[in-house]
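Tertiary structure, described
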Amino acid sequence: DTGVSQDPRHKITKRGQNVTFRCDPISEHNRLYWYRQTLGQGPEFLTYFQNEAQLEKSRLLSDRFSAERPKGSFSTLEIQRTEQGDSAMYLCASSPLAGGYNSPLHFGNGTRLTVT
Amino acid sequence: ELKVEQNPLFLSMQEGKNYTIYCNYSTTSDRLYWYRQDPGKSLESLFVLLSNGAVKQEGRLMASLDTKARLSTLHITAAVHDLSATYFCAVDENYGGSQGNLIFGKGTKLSVKP
């Protein structure tokens, strides 16, 4: 169990640029989640996948955000035309389908995005 | 819409003392999770509470769930400095169904001083 891996750890970008983050979940985990966390707040749900299917997307997620999990393994989160308000820690988490809700989400170390 | 509230948001304790963190949520759910986050680090799972009356203990931490009151507590016994961290509760918003999204509280920042 190598844990959930996220890349990069830090990203600084200028307003208006596009950025893409990658998440590699724990290998046997079917479910993959993206959350966003700003300073002093709890993680806020963005979207989640079961295998390659994107099952839910937060109403708060603007059209500039898109996520994919093409082969049901790793996932990418892209933010287009970044804004300063996008600055946050982006967390990926995974959980096994088999364990059901008895299995907590396992979080990665996150990608910290700073938009200047 | 499910809302999760924690209190207090900040807690400064002396070593050796006991205290309780409260987590209230607004709509019916029977799945609640507690996480710990150290500064600059990710979230670590502490407890999974899946039924009314569930109680779990690990070391100096004990968590309980009262689904009728929509309340969970995280009790700290004889606090030590190593417990200093931010503690989050999170509630599964998909009541009665398969695992859904977790809605997190704002967190309780705990500081244990000698």
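Residues numbered from 1 in each chain as written. Chains lettered and ligands numbered in written order. Predicted model: local features only at pLDDT ≥ 70, side-chain atom pairs only at ≥ 80, totals over all residues. Heavy atoms only, no water.

1. A few points about unusual backbone geometry
Backbone phi values are negative for most residues with the exception of glycine, while trans is the configuration of most peptide bonds. The following threshold applies: Helix numbers and strand numbers start at the N terminus; a helix is a DSSP run of H or I with at least 4 residues, a strand a run of E with at least 2. Burial status follows relative accessibility: with a 1.4 Å probe on protein chains alone, a residue under 20% of its type maximum counts as buried, one over 50% as exposed, and anything between as partly exposed.
In this model, Asp7 of chain A is joined to Pro8 of chain A through a cis peptide bond whose omega is -5°. Of note, Pro8 of chain A is situated in the loop between β1 (5-7) and β2 (10-13). The omega torsion of the bond from Asn7 of chain B to Pro8 of chain B falls at 0°, within 30 degrees of zero and hence cis. Within the secondary structure, Pro8 of chain B is located in the loop between β1 (4-7) and β2 (10-14). Positive phi, close to 55°, is recorded for Asn51 of chain A, a residue that is not glycine. Position of Asn51 of chain A among the secondary structure elements: in the loop between β5 (44-50) and β6 (53-57). Owing to a relative accessible area of 29%, Asn51 of chain A belongs among the partly exposed residues under this scheme. At Arg81 of chain A, a residue that is not glycine, the phi angle is positive and equals roughly 50°. Overall, Arg81 of chain A belongs to the partly exposed group, its relative accessible area being 48%.

2. Quick look at the pairing of strand β11 (residues 108-113) of chain B
Residue and element names in this part refer to chain B. Test applied: Any two strands are treated as partners once DSSP identifies two or more bridges connecting them.
Only one face of β11 is covered, namely the face carrying Thr108, Leu110 and Val112; the face carrying Lys109, Ser111 and Lys113 is uncovered. Relative to β11, β2 is paired through 5 bridges, and the arrangement is parallel. Each residue of the ladder has a partner; that of Phe10, found in β11, is Lys109. In this structure, strand β9 (residues 85-92) lies alongside β11, joined through 3 bridges in antiparallel fashion. In the sheet register, Ala85 faces β11, and the bridge partner there is Leu110.

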